[in-house]
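Chain by chain, the residues:
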Amino acid sequence: MPTYDALLAFLRDYLERDCGGDIHLLRSTVATAVEELEEGTDTLYALVVAWGEDAGPGFQGPTRWKVVESETGDGPVFAAGTVTDFTGADEGRAEVTRAVREHGFESVGAFLYGIVAGSSVAMVRRLPRVR
């Protein structure tokens, strides 16, 4: 298995040879490659949902969601958005699930409530790309 130094040397060479020294192009290329490597694995991410100000028992109002590495909401954000125009918890979960799917992730578990007041967390994984 290649060492970290070998991987770094390869990336430096690739940066100069194939990316023209553009670190942003390298970052984008590596991110895409990691996503492709991830397809078919069970790598899980946390979907963190902050229900709107009017959430309360009715779950109404603009609701923000993001897909991150951990349930605490820390780490890089892989997808994010806002959903509106729903009433009730069932409709809200359905809207969030639809929006998350449109961003390339699918839910693999139930929404868990109470980790942070007014929020919920669910586990998601990346959908395979259609080629």
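Right above here is the structure, for reference.
Right, let's walk through the structure included here. The structure displayed is predicted, hence computed values, not measured ones. (Residues numbered from 1 in each chain as written. Predicted model: local features only at pLDDT ≥ 70, side-chain atom pairs only at ≥ 80, totals over all residues. Heavy atoms only, no water.)

1. Focus: the overall build of the chain
Working step 1: Secondary structure assignment for the chain yields three helices and six strands.
Working step 2: Reading the secondary structure of the chain in the N-to-C direction produces α-α-β-β-β-α-β-β-β.
Working step 3: With 131 residues in all, the chain has 28% of them scored as buried.
Working step 4: Put simply, 42% of the contacts in the chain that link residues at least 6 apart link residues at least 24 apart.
Working step 5: For the chain, the exposed surface amounts to about 8400 Å²; the carbon and sulfur share of it is 56%. (Helix = DSSP H or I, 4+ residues; strand = E, 2+ residues; numbered from the N terminus. Buried < 20%, exposed > 50% of the residue type's maximum accessible area, 1.4 Å probe, protein only. Contact = heavy atoms within 4.5 Å. Areas by Shrake-Rupley, 256 points an atom, 1.4 Å probe, with all protein chains shown as cover.)

2. Describing the pairing of strand E2 (residues 63–68)
Working step 1: Both strand E1 (residues 45–50) and E2 contribute to a ladder of five bridges, which runs antiparallel. From the neighbouring strand, Val-48 faces E2, where its bridge partner is Lys-66.
Working step 2: Pairing between E2 and strand E3 (residues 79–83): five bridges, direction antiparallel. Its bridge partner being in E3, Thr-63 is matched across the sheet by Val-83. (Pairing = 2+ DSSP bridges.)

3. Points about the pattern of salt bridges
Working step 1: Tallied over the full model, the rule gives seven salt bridges.
Working step 2: Across the pair Glu-95 and Arg-98 runs a salt bridge, and its minimum N-O distance is 2.9 Å. Pair noted here: Glu-95 and Arg-98 are both in helix H3 (residues 89–102), with a separation of three residues, about one helical turn.
Working step 3: A residue is classified by how much of its surface remains accessible, and Glu-95, at 23% relative accessible area, is partly exposed.
Working step 4: A salt bridge links Arg-125 to Glu-106; the shortest N-O distance between them is 2.9 Å. Pair noted here: Arg-125 is in strand E6 (residues 119–126) and Glu-106 is in strand E4 (residues 105–107), with a separation of 19 residues, a long-range link.
Working step 5: A relative accessible area of 27% places Arg-125 in the partly exposed class.
Working step 6: Shared partners join several salt bridges into a network, and the residues in it are Asp-13, Arg-17 and Asp-18. (Salt bridge = Lys/Arg side-chain N within 4 Å of Asp/Glu carboxyl O.)

4. A word on the layout of surface pockets
Any empty space left between the atoms is revealed when a probe the size of a water molecule rolls over them.
Working step 1: Taken as a whole, the largest pocket spans an internal volume of roughly 160 Å³.
Working step 2: Every residue along the wall of the largest pocket is listed here: Leu-7, Phe-10, Leu-11, Tyr-14, Thr-29, Val-30, Ala-33, Val-34 and Leu-37.
Working step 3: Per-element tally for the lining of the largest pocket: the top contributor is helix H2 (residues 23–38), with five residues.
Working step 4: Grouping the constituent residues of the lining of the largest pocket by class yields eight nonpolar, one polar and no charged. (1 Å grid on protein atoms, 1.4 Å probe; cavity = no way out; pocket = protein on both sides within 12 Å on 5 of 7 lines; lining within 4 Å. Points joined across faces, edges and corners; volume = space filled by probe spheres on them. Nonpolar A, V, L, I, M, F, W, Y, C, P; charged D, E, K, R; others polar.)

5. Looking at the packing of aromatic side chains
Working step 1: Counted by the stated rule, this structure contains four aromatic pairs.
Working step 2: When the centroid spacing of 6.1 Å and the interplanar angle of 75° are considered together, the rings of Trp-51 and Phe-86 count as edge-to-face. In this pair, Trp-51 sits in the loop between E1 and E2 while Phe-86 sits in the loop between E3 and H3, placing the two residues 35 residues apart along the sequence. Take Trp-51 and Phe-86: they sit in the same class, and that class is buried.
Working step 3: Every member of this aromatic cluster is reached through a ring pair, and the members are Tyr-45, Phe-78 and Phe-105. (Phe/Tyr/Trp six-rings, centres within 6.5 Å; stacked < 30°, edge-to-face > 60°.)

Just geometry here; none of it tells us what the structure is for.
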